[in-house]
Amino acid sequence: MLDIHSHILPGVDDGSKSLDESVKILEMMKEQGITDVIATPHFYAFRENLDEYLKKIQDSYNLLKSYVAGMNLPDIFLGTEVLYYYNIGESESVYNFTFGNTMYLLLELTNSSINSDLFKDIRNLRDKKGIIPVIAHIERYHKSSNFRKLLKFIAKENIQAQVNASSLFDDDYTKITLKLIKKGYITYIATDSHSATGRVPMMNRALKFISNHLGNHYSGALIRNSEKMLDEITEASN
Ligand SMILES: [Fe+2]
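Nothing here was measured: the structure is a model prediction, and the numbers come from that model.

Draft legend 1. Broad picture of the sheet that holds strand β5 (residues 81-83). If you walk across this open sheet you meet the six strands as β3-β5-β6-β7-β8-β9, and the pairing is parallel. Looking at the sheet topology across the chains shown, the edges are occupied by β3 (42-43) and β9 (188-190). Pairing of strand β8 (residues 160-164) with β9 involves three bridges; the strand directions are parallel. Within β9, the residue paired with Gln-162 across the bridge is Tyr-188. Helix-sheet contacts for helix α7 (residues 216-237) involve β6 (104-108) and β9, and the interaxial angle to β9 is about 85 degrees.

Laid out in structure tokens, this is it:
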């Protein structure tokens with residue numbers, strides 16, 4: 001299974017602090033049936049220089065890839081978790097953020113960013129740039145006053161969304177995460193792993209929880225969607 005959201009690159013964001021911690025997270029992922037993972041370090045346009053960011057993540061990616069060579073751990077692809085910024089739908093920079101050689105882009109929101117400008121930008125990303133936006137941990141925004149509008153928008157426009165596996169075990173998010181999966185708003189479940197001791201990968205536990213509460217049909221669909229993306233990424237990298 002492919003994990004589409006993780007902070008496993010050492011020393012680049014609030015995720016893994018060292019190569020050894022990255023290895024520990026990758027080992028935990030492997031135990032949970034994750035065969036491939038996309039490293040999605042945070043990018044904050046308001047405070048980071050794009051060129052410096054790209055160099056930083058590429059260097060960290062190369063370092064980790066060579067460190068884990070021969071260890072039989074999940075294969076790593078490079079992506080980004082981009083915090084939404086105004087006019088991102090017109091930005092040429094977006095091609096730097098996609099997963100491997102595909103057009104998938106993981107987009108993080110804030111509660112206050114959910115408005116008509118965001119919807120216009122997401123449409124522009126898709127229609128003008130050919131990007132496939134994936135909204136990161138959409139359950140996190142359920143307290144936004146415009147959350148229902150966001151759900152309506154993604155259903156109408158067929159926009160992909162991801163939930164965090166860990167949200168199923170967080171009292172603030174369990175109910176809404178299950179509901180979103182059940183109602184068909186969710187394409188992917190991912191770990192959003194940040195460390196080997198705090199925000200650890202919980203994929204296995206989450207898939208079992210979904211099977212127990214909603215049925216195998218729902219967990220199976222999430223696994224299939226991840227496999228479909230993995231096929232596309234693998235094909236694009238050849
Ligand atoms: Fe994240």
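Draft legend 2. Summary view of the environment of Ile-34. Relative to the assigned elements, Ile-34 resides in the loop between α1 (19-31) and β2 (36-39). A relative accessible area of 2% places Ile-34 in the buried class. Spatially, the C-alpha atom of Ile-34 lies 4.7 Å from that of Met-1, the residues being 33 residues apart in sequence. Beyond its immediate chain neighbours, meaning those up to four positions away, Ile-34 contacts Met-1, Asp-3, Met-29, Pro-74, Thr-191 and Met-203.

Draft legend 3. Up close: the coordination of the iron ion. Within the protein, His-5 (NE2), His-7 (NE2), Glu-81 (OE) and Asp-192 (OD) serve as the donor atoms for the iron ion, at 2.0 to 2.3 Å. When the donors of the iron ion are listed by position in the chain, the intervening gaps give H-x1-H-x73-E-x110-D. Of the two residues, Glu-81 sits in strand β5 while Asp-192 sits in the loop between β9 and α6 (203-214), which places them 111 residues apart along the sequence.

Draft legend 4. Region of interest: the pattern of salt bridges. Counted according to the given criterion, the structure contains twelve salt bridges. Of the charged contacts in the structure, one is a salt bridge between Lys-65 and Asp-75, with a shortest N-O distance of 3.2 Å. A residue pair is termed long-range when its members are at least 10 positions apart, and Lys-65 in helix α2 (residues 50-68) and Asp-75 in strand β4 (residues 75-78) qualify at ten residues. Classification of Lys-65 as partly exposed rests on a relative accessible area of 30%. Of the residues examined, Asp-75 reaches a relative accessible area of 36% and is grouped as partly exposed. As a salt-bridge pair, Glu-232 and Lys-228 come within 3.0 Å of each other at their nearest N and O atoms.

Draft legend 5. Just the packing of aromatic side chains, in detail. Applying the stated criterion across every chain, the model contains five aromatic pairs. For the ring pair Phe-43 and Tyr-53, a centre distance of 4.8 Å and an interplane angle of 55 degrees mean the geometry is tilted. In this pair, Phe-43 sits in strand β3 while Tyr-53 sits in helix α2, placing the two residues ten residues apart along the sequence. Under the relative-accessibility criterion, Phe-43 is labelled buried at 4%. With a relative accessible area of 1%, Tyr-53 lands in the buried category. Aromatic rings pair up to connect Phe-43, Tyr-53 and Phe-97 into one cluster. Its guanidinium or amino end placed over the ring of Phe-169, Arg-205 lies 3.9 Å from that ring's centre, counting from NZ or CZ.

Draft legend 6. Molecular detail of the nonpolar core. If you look at the biggest cluster of nonpolar residues, it comprises 64 residues, and the most contacted ones within it are Ile-135, Ile-138, Leu-150 and Ile-189. What Ile-189 contacts, discounting residues up to four positions off in sequence, is Met-1, Val-163, Asn-164, Ala-165, Leu-168, Met-203, Ala-206, Leu-207, Ile-210 and Leu-222. With 14 residues, the next largest nonpolar core counts Phe-99, Val-134, Tyr-188 and Leu-230 among its residues.

Draft legend 7. How the structure looks around helix α4 (residues 147-157). Along α4, the residues classified as buried are Phe-147, Leu-150, Leu-151, Phe-153, Ile-154 and Glu-157. Relative to the axis of α4, the buried residues are bounded by an arc of 160 degrees and lie together on one face. Of the residues in α4, the exposed ones pointing more than 90 degrees away from the buried face are Arg-148, Lys-149, Lys-152 and Lys-156. Elements that come into contact with the buried residues of α4 comprise α3 (116-127), β7 (132-135), β8 and α5 (174-182). Once α4 finishes, Asn-158 follows within two positions and takes phi at roughly 60 degrees, a positive value.

Criteria and cut-off values
- Residues numbered from 1 in each chain as written.
- Predicted model: local features only at pLDDT ≥ 70, side-chain atom pairs only at ≥ 80, totals over all residues.
- Heavy atoms only, no water.
- Pairing = 2+ DSSP bridges.
- Helix = DSSP H or I, 4+ residues; strand = E, 2+ residues; numbered from the N terminus.
- Contact = heavy atoms within 4.5 Å.
- Axes fitted to C-alpha atoms, helices over the stretch in contact; angles between N-to-C directions.
- Buried < 20%, exposed > 50% of the residue type's maximum accessible area, 1.4 Å probe, protein only.
- Donors = N, O, S within 2.8 Å, 3.2 Å for Na, K, Ca; no water.
- Salt bridge = Lys/Arg side-chain N within 4 Å of Asp/Glu carboxyl O.
- Phe/Tyr/Trp six-rings, centres within 6.5 Å; stacked < 30°, edge-to-face > 60°.
- Lys NZ or Arg CZ within 6 Å of the ring centre and 35° of its normal.
- Core = buried A, V, L, I, M, F, W, Y, C linked by side-chain atoms within 4.5 Å.
- Arc of directions from axis to C-beta.

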